[in-house]
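Understanding the architecture of this molecule
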Amino acid sequence: MQPSTLNSARRWIIVRQMFFAALSAGTMLVVGYGMYSMLRINGFNVLKGAIFALFLILLSPIVLSFWTAVLGFAVRLFGGGALEFTRALPDPAAPGADGPLTAVVVPVYNEDPVRVFAGLKATYESLEETGFLPYFEFFILSDTTDPDTWIREEMALQDFRQAVSDPSRIYYRNRRENVDRKTGNIADFCAGWGGRYRYMIVFDADSIMTGTCLTNLVRLMENYPNAGIIQAPPLPVNRNTFFGRMRQFATHAYSSVFITGLNFWQGGAANYWGHNAIIRIQPFIEHCRLPKLSGPEPLGGSILSHDFVEAAFMRRAGWKVYLATELGGSYEEVPPSLISYAARDRRWCQGNMQHMRLLLIPGLHPVNRLHLCLGVMAYLAAPLWMLMLLVSTIEGIRESIRPHPYFPAGPSLYPIWTISVEQQAIWLFVAVMCLLMAPKALSLLTHLFHRKQRAEFGGGGKLALSVFLETIASTLLAPVLAFLQTHFVTGILMGRNVKWEAQDRGEPQTGYGEAVARHWPSTLLGIVWSVLLLTEAPKLFWWFSPVLLGFLLVIPMSVWSSRVSLGEWARKRGLFLTPEEAETPPILLGLERALAWAGSRQWAKEAEAVERVLHDPDVRAVHLSLLEDGEPKDDLRRNYIKGLELKYQHDGAAALTPREKRDLLWDEEAIQDLLTAAGTA
């Protein structure tokens, strides 16, 4: 596909968007009318009105997802979409040709340096193999506050520089104050270094990208000078727990159809996912600075979910944001257990809920407004769904215990008979389930139609069985996640702020004690709800049984799904396989080698930061070489640091808080004073 073809296709984007909107609106109308017809049969009341309103709100994202998948399936069935612009890439230029300088930026916050630097080493080596390394430089942008992790980062950096061919391309800095979290970290880089580079490729701490993917992102930017951001969709890899493997498989199995459908109707107003994407730095600096929301956190202050907003601001300024559907070579990792998944979800929830305040910002593209709205609904849907179930329960119990008024007030010759709505309810249930399950079914068909893709997932039979099992597991987990998200949303609306902590990127396994502590409210809710329905509205119990079963089984599901042994059991039987497991890409083999390298280094072992700096000359030399120039100290600060020195001399490092250790380690003069006092200066 040539660029002219792509430009011609863009002229049809409004037509495609109108077509998508018409399909979605028509489906909403038909299904919504079916729900209304069922509810009004035996009389419409306030409770039924609430059920109907909640049903329509919750139906909208389901319908949008359905038609996105259907259109994505159709596009792939007929040979690809107009916005798969990777086909328009020219042949690679020779490595010696002039090219723009690109920064690979890696914001980290109290992350395990073993994983961070192993991923960087594998990426660096893959990039070096392309011959285009001279056009890239790497920045580790540390917001790490834990002193032990900070010193390990510095020693990991030293080893990383010694292990690569050109250490001058590796930069590191640790911010003294973590202003505005990740967005402030990136903004700080742009202010200090942005003028040196045309592009930056943003990594997460667990990101890994092939050299070919990195160079292709730059080539796409060069080929489409109106592009502000190009997102390379990351695929999850390297999980071994049952939960992690199931989520990993689901992304591989279902995402291609859905992303193709997104590109059908979003065009150049795609989303930025916060990492594994290339950004044109100058317009990013000029147009993507995030506003401070008025009022206190959690709904005010700094915007946590920055990526959707930055994409919207880039598009508002006239720059396009694209999703490079077929690029490949972009990877990440997913949470390994239900509890770690919920912990990540909690932070995302607060960020997305802040988007409610941005929906009416002037000048945003309608598609970006829709993305922001769907981001809010991703979490607001949970309490609305729980509310609809609650209202439905109340209405069901009310109808079961209140006799039907066959002869209402006033003269009447004939009774008003109650009419069964069971048939209508079944048809409506089937319709909604078709909307929910069609994206998975269409994704399965897409892979089954291609022999190579079937083989990559372990064969057609194993692929179909994996989809079936994943669907059952997701159905049982859905009410639990909805309950947790309801708790998150309620807490945010009540003013409880999220604590910004590093994501757990290992594979710790959940014990029964932890599972009971985290999930007992869900289990108790399931027991009470089940007893109430069985005693007061038995027919309604069977309609609610999938939801109730999820609540009742959450504790053993949380424990068992976190087990690596169960994940390995599934792998050996060909379940939840991904293409990267059928044929491991070289970069993932490189990551395995890099993890072994990093894990064997002395710095990888936990150690007391202050003691290491004071007693190991090599560690101290590296640390002091990386310290930025300190700010002038007033008398209050000088006395505070002197007090920390005395506290350490009398009681040792264990008496210092992490913040106090960090303050000491930031002060070169204090380090020299302690060395002099110990007679080792």
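Throughout this description, residue numbers start from 1 for each chain and increase along the sequence as written. Selection of residues for local features in this predicted model requires a pLDDT of at least 70, selection of side-chain atom pairs for listing and counting requires 80 or more, and totals for whole chains, interfaces and linings are taken over all residues. Derived side-chain values reflect all non-hydrogen atoms in the structure, with water molecules and hydrogen atoms excluded from consideration.

1. Examining the overall build of the protein chain
Our working definition: We count a stretch as a helix when DSSP gives it H or I for four or more residues in a row; a strand needs E for two or more, and each element gets its number in order from the N terminus. Here the radius of gyration uses the C-alpha set of atoms, whereas the globule reference equals 2.2 Å times the residue count to the power 0.38. Residue contacts follow a heavy-atom distance rule, with two residues in contact if any of their heavy atoms lie within 4.5 Å. Using a 1.4 Å probe, accessible areas were evaluated by the Shrake-Rupley method; residue-level cover was limited to the displayed protein chains. When charges are counted, Lys and Arg contribute as positive and Asp and Glu as negative, whereas His and the chain ends are disregarded. Where a charge sits is defined by one atom per residue type, namely NZ (Lys), CZ (Arg), CG (Asp) or CD (Glu).
Along its length, the protein chain carries 26 helices and 10 strands. Relative to the compact-globule value of 26 Å for 681 residues, the protein chain shows a C-alpha radius of gyration of 28 Å, a close match. In the protein chain, the proportion of contacts linking residues at least 24 apart, taken out of those at least 6 apart, comes to 82%. Split by element, the accessible area of the protein chain, about 30,200 Å² in all, is 63% carbon and sulfur. The averaged location of the 63 negative side-chain charges in the protein chain is 9 Å from the averaged location of its 63 positive side-chain charges.

2. What about the sheet that holds strand β1 (residues 102–108)?
Keep this limit in mind: Following DSSP output, two strands are said to pair if at least two bridges run between them. As a rule, the C-alpha atoms of each element are fitted with a line to give its axis, helices using only the stretch in contact, and angles between N-to-C directions run from 0 to 180 degrees.
One open sheet accounts for 7 strands, arranged β3-β2-β1-β4-β8-β6-β9; its pairing is mixed. Each having just a single partner strand, β3 (170–174) and β9 (320–323) make up the two edges of the open sheet. Strand-to-strand twist in this sheet, taken as the mean axis angle between neighbours without regard to direction, amounts to 20°. By the bridge criterion, 4 bridges tie strand β6 (residues 227–231) to β9 in an arrangement that is parallel. The partner of Ala-227 across the bridge, within β9, is Lys-320. Sheet strands in contact with helix α6 (residues 181–193) are β1, β2 (136–142), β3 and β4 (199–202), and its direction is about 145° off that of β1.

3. Quick look at the pattern of salt bridges
Think of it this way: side chains of opposite charge can pair up when their charged atoms draw near. Applicable threshold: Salt bridge, as applied in this entry: a Lys or Arg side-chain nitrogen positioned within 4 Å of an Asp or Glu carboxyl oxygen.
Within the structure shown, the criterion is met by 28 salt bridges. Where Asp-143 meets Arg-175, a salt bridge forms, and the shortest distance between an N and an O atom there is 2.7 Å. Taken as a pair, Asp-143 in the loop between β2 and α5 (147–163) and Arg-175 in the loop between β3 and α6 lie far apart in primary sequence, 32 residues in all. The closest approach of N and O atoms between Arg-245 and Glu-581, which form a salt bridge, is 2.4 Å. One end of the pair, Arg-245, is in helix α8 (residues 242–266); the other, Glu-581, is in helix α20 (residues 579–582), with 336 residues separating them in the sequence. Connected through shared salt-bridge partners, Glu-137, Asp-166, Arg-169 and Arg-196 make up one network.

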